[in-house]
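Take a look at the letters that make up each chain.
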Amino acid sequence: MMEKLSILFLSCLIISFSACSQNPVTTADCSNNHYRDSLVEHYIRNGAEKLPDSYNNPRWGLYCDSVLMVCPNTAEAYQLKAIPSLKGGDYETAFRLNDKAVELEPRNYLDYRAFLKCIFTKDYNGSITDFKEAEKLSPKGGLMDHSYSFFIGLCYMELGRYQDAEEYFKKDITMQTGGDSLQLPHFNSLFYTGLLYYRMSQFSKAKKYLEDCVGVYEQHPEANYYLAMIAGQEGNKAQKIRYLDIAKKALRNGYRLNEDNIYYANYPGQITIHEISNALQP
């Protein structure tokens, strides 16, 4: 019964679009980017995205399917259809759909798949491969407020390839500042470079980048936490407690890394109240 209702719903959507479109479904030109964009605009921008709870609404996928029934070569519809699966942790389905989007339009979706591998599934080698291919297509490309080099650096850091990570974090910062030491890059570029040096036990370098990070974003929980860890290494107990208190208060007041999708996946070096409480123990 549900399957019949879904088919009926899709049919009604398509008939509705045919009635108001200058390009009815019977003359659909699926090779035309503008035509495919008009389908996305009609079914998703003016349909799915206006649903209560948006992509959490059970009907979200039906609107995406409506686009694909007309033009099955619409890459964006596959990427958008994958969102509920991605947020719900069904990575197999999400990647199957995103792989199709990449197959159809690698220039537009390869970097997004690389991001998903880096942050969601922790497939760091796969992410590096995708990002480096994406760089060939868009040498100065970026997404989610960061350069490709930023994410490649993250992947190398998590793989324990610290020299490679250092190279790409430096490249990321140079891309943002143009080599001007007075220009500060994104606070998380500073944080992750500091975290890298912390893991390399180069505490003076780590401290510099982490202090620059909190200079931009004072309530950054992770930067304050790792500054506390460095203070502990230096034997400065009072400073350690001060930074931990700042980190704990920041988390309780809702401050976070401020990265996209942070509520759906853990980012490298992300901390919890529990870790801070443990660090405060004598």
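Located above this text is the structure these notes cover.
Everything quoted here is computed from the prediction, not taken from an experiment.

## Let's talk about the packing of helix H14 (residues 237-252) against helix H15 (residues 273-280)
Argument step 1. Running from N to C, H14 and H15 point in directions that differ by 155°, and their axes come no closer than 10 Å. Between H14 and H15, the angle is such that the two are roughly antiparallel. Pair H14 / H15 crosses with left-handed handedness. Every residue of H15 that contacts H14 at Lys-240, Ile-241, Leu-244, Asp-245, Ala-247, Lys-248, Leu-251 and Arg-252 is listed here: Ile-273, Ile-276, Ser-277, Ala-279 and Leu-280.
Argument step 2. When the residues that make up the contact of H14 with H15 are grouped by side-chain class, the tally is eight nonpolar, one polar and four charged.

## Some thoughts on the environment of Met-175
Argument step 1. Within the secondary structure, Met-175 sits in helix H10 (residues 162-177).
Argument step 2. As for Met-175 and Lys-140, which are separated by 35 residues in sequence, their C-alpha atoms are 8.6 Å apart.
Argument step 3. Among all residues touching Met-175, those that are not within four sequence positions of it are Ser-147 and Ser-149.

## With respect to the pattern of salt bridges
Argument step 1. A full pass over the atoms with the stated rule returns 15 salt bridges.
Argument step 2. Where Arg-45 meets Glu-49, a salt bridge forms, and the shortest distance between an N and an O atom there is 2.5 Å.
Argument step 3. For Arg-45, a relative accessible area of 27% corresponds to the partly exposed category.
Argument step 4. Taking the relative accessible area as the measure of exposure, Glu-49 reaches 36% and is therefore partly exposed.
Argument step 5. Across the salt bridge formed by Glu-158 and Arg-199, the nearest N and O atoms sit 2.6 Å from each other. Of this pair, Glu-158 sits in helix H9 (residues 148-158) while Arg-199 sits in helix H11 (residues 187-199), and the two are 41 residues apart along the sequence.
Argument step 6. In this structure Arg-199 comes out as partly exposed when scored by relative accessible area, which is 30%.

## With respect to the state of the cysteines
Argument step 1. The final tally for this structure, using the stated rule, is one disulfide.
Argument step 2. In this model, Cys-30 is linked to Cys-71 through a disulfide, with the two sulfur atoms separated by 2.0 Å. Residues Cys-30 and Cys-71 are joined through a disulfide that is left-handed, its torsion about the S-S bond being -85°. Here Cys-30 is found in the loop between helix H1 (2-20) and helix H2 (33-45), whereas its partner Cys-71 is found in the loop between helix H3 (60-70) and helix H4 (75-81), with 41 residues between them in sequence. Of the two residues, Cys-30 and Cys-71, neither departs from the other in class, the shared state being buried.
Argument step 3. Here Cys-155 stays unpaired: no disulfide links it, and the sulfur of Cys-118, its closest cysteine neighbor, is 3.5 Å away.

What counts, and at which threshold
- Residues numbered from 1 in each chain as written.
- Predicted model: local features only at pLDDT ≥ 70, side-chain atom pairs only at ≥ 80, totals over all residues.
- Heavy atoms only, no water.
- Axes fitted to C-alpha atoms, helices over the stretch in contact; angles between N-to-C directions.
- Helix = DSSP H or I, 4+ residues; strand = E, 2+ residues; numbered from the N terminus.
- Parallel < 35°, antiparallel > 145°, perpendicular 65-115°, else oblique.
- Left-handed = near helix turned anticlockwise from the far one by under 90°.
- Contact = heavy atoms within 4.5 Å.
- Nonpolar A, V, L, I, M, F, W, Y, C, P; charged D, E, K, R; others polar.
- Salt bridge = Lys/Arg side-chain N within 4 Å of Asp/Glu carboxyl O.
- Buried < 20%, exposed > 50% of the residue type's maximum accessible area, 1.4 Å probe, protein only.
- Disulfide = S-S within 2.5 Å.

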